[in-house]
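Inside the fold
Now for the letters of each chain:
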Amino acid sequence: MHGVLRLIVTLDGEDVINCEPVLGYLHRGMEKIAENRTIIQYLPYVTRWDYLATMFTEAITINGPEQLGNIQVPKRASYIRAIMLELSRIASHLLWLGPFMADIGAQTPFFYIFRERELIYDLFEAATGMRMMHNFFRIGGVAADLPHGWIDKCLDFCDYFLTGVAEYQKLITRNPIFLERVEGVGIIGGEEALNWGLSGPTLRASGIQWDLRKVDRYECYEEFDWEIQWQKEGDSLARYLVRIGEMTESIKIIQQALEGIPGGPYENLESRRFDRIKDPEWNDFEYRFISKKPSPTFELSKQELYVRVEAPKGELGIFLIGDRSVFPWRWKIRPPGFINLQILPQLGSLKEVYGIIWMLIPIFILVLGITLGVLVIVWLEREISAGIQQRIGPEYAGPFGILQALADGTKLLFKENILPSRGDTRLFSLGPSIAVISILLSYSVIPFSYRFILADLSIGVFLWIAVSSLAPVGLLMSGYGSNNKYSFLGGLRAAAQSISYEIPLTLCVLSISLRVIR
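Overview of the structure. (Residues numbered from 1 in each chain as written. Predicted model: local features only at pLDDT ≥ 70, side-chain atom pairs only at ≥ 80, totals over all residues. Heavy atoms only, no water.)

**What about the overall build of the chain?**
Counting its secondary structure elements, the chain contains 19 helices and seven strands. For the chain, buried positions account for 40% of its 518 residues. For the chain, restricting intrachain contacts to residue pairs at least 6 apart in sequence, the fraction spanning at least 24 positions comes to 68%. Looking at the chain as shown, the accessible area adds up to about 28400 Å², and 60% of this sits on carbon and sulfur atoms. (Helix = DSSP H or I, 4+ residues; strand = E, 2+ residues; numbered from the N terminus. Buried < 20%, exposed > 50% of the residue type's maximum accessible area, 1.4 Å probe, protein only. Contact = heavy atoms within 4.5 Å. Areas by Shrake-Rupley, 256 points an atom, 1.4 Å probe, with all protein chains shown as cover.)

Shown next, in the form of structure tokens:
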């Protein structure tokens, strides 16, 4: 889209191993243009910063001069601004949600979001005359009052949109395919988010309850009852939930503002005192019909100021320096998206390093746990047998005799020659190796994903059965290779035992373990 951002990614299947953002440029030179225009002349430019949340770029542009000039905004104008800002927040989140779902393979929500977004643009068009590039905010208020019937239409939209959000949550939030592709992906911790200077839903999804509407108390947000939406997991699912919650909270703010909007002026007429043009001939024929009307100009006092708003993507700020001129001496933009994108390469490297670790840890824990369980069972069996037979003697290896089974096996290997003289030595030796190695390999095929999360329980159990089923084949090979009918019958008996109850018993224990891990 317009060359704004390109991502060079390194993939391993569907897993992103590395990501290198390449920044493009869209409507460049905005800061220098601002330093050579009056505020009113510059307002039509600012909606191009972020044409998904145009009201916020207008708000930040006029908030700075208002604070420099200590211009008071009428209560009605402040309420109108809050309504427009929250409608713009919803429109921006909707256009985030649609492409986000399309990128992970769900096309239906991409078409649904335009349904509600067009209704918001209908409201914008009725109030401002434009659907996207509004040029609606003014120093000291707004350009025009709300038209007749607009409040009722906006209230109807709020009621309708709440049902739309419920539809999105029913369609998306509990979808197992969606959860598989976003849960545990792109995790950003709270401390890490602060160190990188992240803001907006990305910061709040990492457990940081920070919203400039609550912190700075600009406009009239402190008069409304609403809550900061946040999550603590820090993954893609948490960022989705934060944005869904913010759309619902925005509707609550809009409804309260519409129901409590006061009367009075929609602009501060006293702000005209800052006009540098003295006693213009407003009714002069040449001014009215021939010459180009000059834009109202405001002298910016000689001081510096940083002003910010909570935009849909995060903190949108302006660093402004006035020099007793109609033009800003310095105009520096703090865009939220540019700051948030810095962490993209870090997410790729972290997933590459920690992904390997988290793939090995669950396998190691399972092998170690089941091995220890077998040793404990053998130890209990020997203790019970010794108690029944009333054995007396030093037959305990290790503390409490736990290592006795290992000692017996070692003694058997070194004391006796277990290879039959008339048998097939290679086949007889290969059989036990297949039986043991297949059991050990069965743990390595369990499909774990990152963060100790089982990727698929059904596939894990299926692969375990497939690999561990080689063990009875090894037992039969050993019996057949011995060239002895009694040994062969013993191999058949061992294979039958393994198939009948040993593998099913281990499978039950493994399934329970995997379910707990998941």
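**What about the sheet that holds strand β5 (residues 304-311)?**
Taken together, the three strands give an open sheet; going across it, the order is β5-β6-β7, and neighbouring strands pair in antiparallel fashion. Looking at which strands have only one partner, the edges of the open sheet turn out to be β5 and β7 (330-334). The average undirected angle you get between the axes of adjacent strands in this sheet is 15°. Taken strand by strand, helix α3 (residues 54-69) contacts β5, β6 (314-321) and β7, and its axis lies near 150° from that of β5. (Pairing = 2+ DSSP bridges. Axes fitted to C-alpha atoms, helices over the stretch in contact; angles between N-to-C directions.)

**Brief notes about the nonpolar core**
In terms of nonpolar packing, the biggest core is built from 80 residues, with Met84, Leu87 and Trp150 touching the most fellow members. With 14 residues, the single largest contributor to this core is helix α4 (residues 75-103). (Core = buried A, V, L, I, M, F, W, Y, C linked by side-chain atoms within 4.5 Å.)

**What about the environment of glycine 141?**
Structurally, glycine 141 is set in strand β4 (residues 141-142). When the C-alpha positions of glycine 141 and proline 265 are compared, they lie 8.6 Å apart, and in sequence the two are 124 residues distant. Ignoring any residue separated from it by four or fewer positions in sequence, one finds glycine 141 in contact with Glu66, Val73, Ala77, Arg81, Tyr266 and Glu267.

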